[in-house]
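Notes for the structure review
Okay, here's what each chain looks like letter by letter:
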Amino acid sequence: MDYKRTTLIDIPTIRDPRGNLSVLENSGVVPFTIARVYWIYDLPSDTERHGHAFYSQYEIIVPLSGSFDIETEDSQGIKTFHLDRPNKALIIPPLTWRSIKNFSTLSSALIISSQLYDENDYIRSYSLFHELTSPYRK
Ligand code: TYD
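The sections below set out a description of the structure shown in this document. Computed from a predicted model, the values in this text were never measured in an experiment. (Residues numbered from 1 in each chain as written. Predicted model: local features only at pLDDT ≥ 70, side-chain atom pairs only at ≥ 80, totals over all residues. Heavy atoms only, no water.)

1. Examining the side chain of Ser67
For clarity, the threshold we go by: Where helices and strands are cited, they refer to DSSP runs of H or I of at least four residues and of E of at least two residues respectively, numbered from the N terminus. Every residue pair with non-hydrogen atoms within 4.5 Å of one another is taken to be in contact.
Relative to the helices and strands, Ser67 resides in the loop between β6 (59-65) and β7 (68-74). Filtering out sequence-adjacent residues up to four positions away, Ser67 remains in contact with His82, Leu83, Asp84, Asn102, Phe103, Ser104 and Ser107.

Following this line, the structure appears as structure tokens:
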């Protein structure tokens, strides 16, 4: 599958009376080979995971518990996604500015990445991000 834009996906889920099981693997809805998984938790509700973008990595953000908002910006504009179910996730392609905010109490997120951690893949300056994406803007 080819996700050029930020996309909400349904994670395949097996439901039975004992509870739900959702699974992502290197096929189907994941548009890359999984290289790294990390998670954020114990998030103060008034905190914001400040914005950044990546030059080349994709990521998928899964709201494991609670809820939060992800604001994204790409050459097509700004969008806000409210994530509140562990079987709905957001695929974020490279060159997308994203910040995460409005965490509910006891929220946590799983982030699945297409690359190993590499600080050189981060675009942490909003003005640089704008410069890099301006040729593609509407
Ligand atoms: P940061 O990228 O600011 O977090 P977020 O993606 O939520 O905005 O990362 C916070 C710190 O953790 C920063 O010093 C880099 C470090 N870090 C690693 O060492 N390895 C990793 O895989 C990640 C995602 C971050």
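2. Let's talk about the pairing of strand β10 (residues 97-101)
The following threshold applies: Any residue under 20% of the maximum accessible area for its type is buried, any over 50% is exposed, and the rest in between are partly exposed; the area is computed with a 1.4 Å probe on protein chains only. Strands were regarded as paired on the criterion that DSSP finds at least two bridges between them.
Counting buried positions along β10 yields four of five residues, so the element is predominantly enclosed. Where strand β5 (residues 49-54) meets β10, two bridges bridge the pair, whose relative direction is antiparallel. Paired with His52 across the two strands is Arg98, which belongs to β10. Note that β7 and β10 share five bridges and pair antiparallel. Across the sheet, residue Thr72 finds its bridge partner in β10, namely Arg98.

3. Re the site of the ligand
To keep it simple, the criterion reads: In these notes, residues near a molecule or strand are those with any non-hydrogen atom within 4 Å of it. Each polar contact in these results corresponds to two N or O atoms within 3.5 Å; when the atoms are within protein, one needs to be able to donate a hydrogen and the other to accept it, and residues that are neighboring in sequence are counted only if both atoms are side-chain atoms. Side-chain classes are defined by residue name, with Ala, Val, Leu, Ile, Met, Phe, Trp, Tyr, Cys and Pro counting as nonpolar, Asp, Glu, Lys and Arg as charged, and the others, Gly among them, as polar.
In the neighbourhood of the ligand, the contacting residues comprise Arg36, Tyr38, Arg49, His52, Arg98, Tyr117, Tyr122 and Arg124. The contact in question runs from an oxygen atom of the ligand to an N or O atom on the side chain of Tyr38, over 3.3 Å. Put simply, the parts of the chain that give the shell around the ligand at least two residues each are β4 (36-40) and β5. Split by residue class, the shell around the ligand holds three nonpolar, one polar and four charged.

4. A short note on the pattern of salt bridges
Rule in force here: Between Lys or Arg on one side and Asp or Glu on the other, a salt bridge is scored when a side-chain nitrogen of the former is within 4 Å of a carboxyl oxygen of the latter.
One pass over the full model with this rule turns up seven salt bridges. Where Lys88 meets Asp10, a salt bridge forms, and the shortest distance between an N and an O atom there is 2.5 Å. Separated by 78 residues along the polypeptide, Lys88 in strand β9 (residues 88-92) and Asp10 in strand β1 (residues 7-10) bring together distant segments of the chain. A salt bridge links Glu59 to Arg98; the nearest nitrogen and oxygen atoms lie 2.6 Å apart.

5. Overview of the environment of His52
Looking at where His52 falls in the secondary structure, it is placed in strand β5. Through-space distance from the C-alpha of His52 to that of Tyr126 is 7.3 Å; in sequence the pair is 74 residues apart. The contact partners of His52, leaving out residues within four places of it in the chain, are Thr96, Trp97, Arg98, Tyr122, Ile123 and Arg124.

6. Points about the packing of aromatic side chains
Applicable threshold: Geometry of aromatic contacts follows a simple scheme: Phe, Tyr and Trp rings, the Trp one being its six-membered ring, pair when their centres are within 6.5 Å, and the pair is stacked under 30 degrees between planes, edge-to-face over 60, tilted otherwise.
The tally for this structure, following the rule as stated, stands at seven aromatic pairs. With 4.9 Å between their ring centres and 70° between their planes, Phe54 and Tyr122 make a pair best called edge-to-face. Of this pair, Phe54 sits in strand β5 while Tyr122 sits in strand β12 (residues 122-123), placing them 68 residues apart in sequence. You'll find Phe54 and Tyr122 in the same group, each marked buried. A ring pair is formed by Trp97 and Tyr126, whose centres lie 5.2 Å apart and whose planes are at 75°; its orientation type is edge-to-face. Of this pair, Trp97 sits in strand β10 while Tyr126 sits in helix α1 (residues 126-133), and the two are 29 residues apart along the sequence. The exposure class of Trp97 is buried, given its relative accessible area of 11%. Looking at Tyr126, the relative accessible area reads 38%, which means it is partly exposed. Pairwise contacts between aromatic rings join Phe54, Tyr117 and Tyr122 into one cluster.

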